[in-house]
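Structural overview for review
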Amino acid sequence: MTVYYTKDHEWLRVEGDVAVVGITAHAAEELGELVFVEAKEDGTAVAQGDSVAVVESVKAASDIYAPVSGTVVGFNAALTDDPTLVNGAPEGEGWILKLRIADAGQLASLLDAAAYAALVG
Amino acid sequence: MSRDLLRTPLYDLHLSLGARMVPFAGYDMPVQYKAGVMAEHLHTRTAAGLFDVSHMGQVTLRARSGRIADAALALERLVPADILALKPWRQRYALLTDAQGGILDDLMVSRLGDEALLLVVNAACKDADLAHLTAALDGDCVVEALPERALIALQGPLAGAALARLAPATAEMRFMDVAECDVAGVACVVSRSGYTGEDGFELGMASGAAVRVAEALLAQEGVAPVGLGARDSLRLEAGLCLYGSDIDRTTTPIEAGLDWSIQKSRRDGGARAGGFPGAESVLAQLRDGAPRRRVGIAVEGRAPVRGGAQLFADAQGAVPVGRVTSGAFGPTVGAPVAMGYVAAGYEATGTALFAELRGKFLPARVAALPFTAPGFRR
């Protein structure tokens, strides 16, 4: 199991040919308590860097960008009732969506945990 | 960039309280503290929040004649409110209008006894307001900006008890009363008002004494610091306009639903009807109705609809009828809250609308303002 990170503060965990995607603890802390989360519908094809979900705090909406190209194959329905799961466990219960990875080669463009930690200091 | 931003006298205190600072109207201001926007909002509704609003402009008007009535009549040349009837040590909301009836700024006007009028204006407008006031009133009034004055707001149901422990006389004040009193050994101008929909106070004092007053208030039971993030969601739930979002030069007082800020004496048939910039069009709208009106908007579901979202009469987005000017999740309401403008005919409470959000048309309806019951001490 390998976790990758983006400069835009998403994380991605590879499970076979599917990536579980969420936002990092750093991003969750910056945004504050979330009040709404939604993702593109299942079956939507997205390219790396496309907006694939939106998280909203009291004050603002923020796009979540697809860390790699792929097809949306699931949304974390628990977030519909309790978006704050993201704040409580951003890399656990607070995952946001699953993507079927279109090009595993793109994983090489992402950061590892050490590089992301260095980025957010 | 940050070295170009101005700082209020409470800047170091904000940092020591763990504030996250953001640029706002040229100032480096606390958007939230450690508790976060949601908790700070709810704390203000249930206890007391302390806000630094020192970035706002404070201006005094003194009549050259020495008569307060002359200062009041002079200011009435620029605002549609009845200033002459403002009693000593009372405060009133007013609007600066332009020749078309657009809103240049909204402000609070306090009458300091028989000495002067004290205006509190928006931070982003203060330089323009000062130039406008000086150009129009200089012959009759001394217009003086008070950049060395700080302003602190204490808002919420425990605000009265907290302030009364430091300044017992404030317990007697009613909504929109103004008083000079000593708070923690500091001479303050206190008004029982604010911009959250809660009971509360605004305290003006010399900049050098602001930290002492803020620390004394923060030491009181139930008082916690609150940032601009929660200030915005609080005022939105309270149905209060944010200048630059909900009102500006393209909106008139009548379109904005601020008719109540134009007292009878300034309306048709009143003792001093008109006489302010744009009076002809503003009074015509007051008579005949405005082409659009500001309304509250409740959106179904949990997704907040933000300022700029278009409003439609139908689920396909074929008939545009208005636009959202402010929108957020309302922590007290527990649902999205918004306000905006709709064309005449769509303003009745309960009218069905559709708000465009990321390409979808969400069912919404016109909601009565405010979204939360006001806590004022009348």
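For chain B, an unreviewed UniProt entry supplies the name aminomethyltransferase and the organism Nguyenibacter vanlangensis. UniProt, in its Sequence similarities (unreviewed entry) section for chain B, records the words "Belongs to the GcvT family." According to its UniProt record, chain B has this under Catalytic activity (unreviewed entry): "N(6)-[(R)-S(8)-aminomethyldihydrolipoyl]-L-lysyl-[protein] + (6S)-5,6,7,8-tetrahydrofolate = N(6)-[(R)-dihydrolipoyl]-L-lysyl-[protein] + (6R)-5,10-methylene-5,6,7,8-tetrahydrofolate + NH4(+)".

The name that an unreviewed UniProt entry assigns to chain A is Glycine cleavage system H protein, with the source organism given as Nguyenibacter vanlangensis. In UniProt, chain A has this text filed under Sequence similarities (unreviewed entry): "Belongs to the GcvH family." Taken from UniProt, the Function (unreviewed entry) comment for chain A reads in full: "The glycine cleavage system catalyzes the degradation of glycine. The H protein shuttles the methylamine group of glycine from the P protein to the T protein."

Moving on: empty space enclosed by the protein. Residue and element names in this part refer to chain B. What the rule picks out here adds up to three cavities of 30 Å³ or more. The calculated volume of the largest cavity comes to roughly 80 Å³. Lining the largest cavity are Gln58, Gln91, Ser110, Leu118, Val120, Leu151, Val178, Val189, Val190, Ser191, Glu202 and Gly204. Mapped by element, the contributors of at least two residues to the lining of the largest cavity are β7 (116–121), β11 (186–191) and β12 (200–206). For the lining of the largest cavity, the leading source of residues is β11, giving three residues. In terms of residue class, the lining of the largest cavity is built from six nonpolar, five polar and one charged.

Membership of the largest hydrophobic core comes to 46 residues, with the highest contact counts inside it found for B:Ile247, B:Leu258, B:Ile297 and B:Leu311. With residues up to four places along the chain from it excluded, the contact list for B:Leu311 reads B:Ile297, B:Val319, B:Pro320, B:Val321, B:Gly322, B:Arg323, B:Val324, B:Tyr341, B:Val342, B:Leu353, B:Phe354 and B:Ala355.

Right, let's talk about the layout of surface pockets for a bit. Residue and element names in this part refer to chain B. The calculated volume of the largest pocket comes to roughly 880 Å³. Taken together, 40 residues line the largest pocket, and the ones lying closest to its centre are Leu240, Leu258, Trp260, Phe376 and Arg378. The set of elements that each furnish at least two residues to the lining of the largest pocket consists of β5 (91–97), β14 (292–299) and β19 (360–367). A per-element tally of the lining of the largest pocket places β14 first, with four residues. Partitioned by chemical class, the residues of the lining of the largest pocket number 22 nonpolar, 11 polar and seven charged. Volume-wise, the second largest pocket comes out at about 610 Å³. As for the second largest pocket, its lining consists of 29 residues, of which Phe24, Met56, Asn122, Arg231 and Leu242 are closest to the centre. Of all elements in the fold, only β1 (20–24), β6 (103–112), β7 and α7 (228–237) reach the threshold of two or more residues within the lining of the second largest pocket.

Okay, the environment of B:Met339 next. All names here are of chain B. For Met339, the location among the structural elements is in strand β17 (residues 335–343). Residues Met339 and Ala328, 11 residues apart in the sequence, show an inter-C-alpha distance of 9.5 Å. Contacts of Met339, omitting those with residues within four sequence positions, involve Arg235, Leu236, Gly239, Leu240, Asp246, Arg294, Val295, Gly296, Ile297, Val324, Thr325 and Ser326.

What follows concerns the packing of helix α2 (residues 37–46) of chain B against α7(B). Residues and elements named next belong to chain B. For the pair α2 and α7, the least separation of the axes is 8 Å and the interaxial angle reads 50 degrees. Taken together, the axis directions place α2 and α7 in an arrangement best described as oblique. α7 is crossed by α2, and the crossing has right-handed handedness. Contacts between α2 and α7 involve Val37, Glu40, His41, Thr44 and Arg45 from the first element and Gly229, Ala230, Ser233, Leu234 and Glu237 from the second.

Conventions and cut-offs
Residues numbered from 1 in each chain as written. Chains lettered and ligands numbered in written order. Predicted model: local features only at pLDDT ≥ 70, side-chain atom pairs only at ≥ 80, totals over all residues. Heavy atoms only, no water. UniProt positions renumbered as here; feature names shortened; annotations may be inferred. 1 Å grid on protein atoms, 1.4 Å probe; cavity = no way out; pocket = protein on both sides within 12 Å on 5 of 7 lines; lining within 4 Å. Points joined across faces, edges and corners; volume = space filled by probe spheres on them. Helix = DSSP H or I, 4+ residues; strand = E, 2+ residues; numbered from the N terminus. Nonpolar A, V, L, I, M, F, W, Y, C, P; charged D, E, K, R; others polar. Core = buried A, V, L, I, M, F, W, Y, C linked by side-chain atoms within 4.5 Å. Buried < 20%, exposed > 50% of the residue type's maximum accessible area, 1.4 Å probe, protein only. Contact = heavy atoms within 4.5 Å. Axes fitted to C-alpha atoms, helices over the stretch in contact; angles between N-to-C directions. Parallel < 35°, antiparallel > 145°, perpendicular 65-115°, else oblique. Left-handed = near helix turned anticlockwise from the far one by under 90°.

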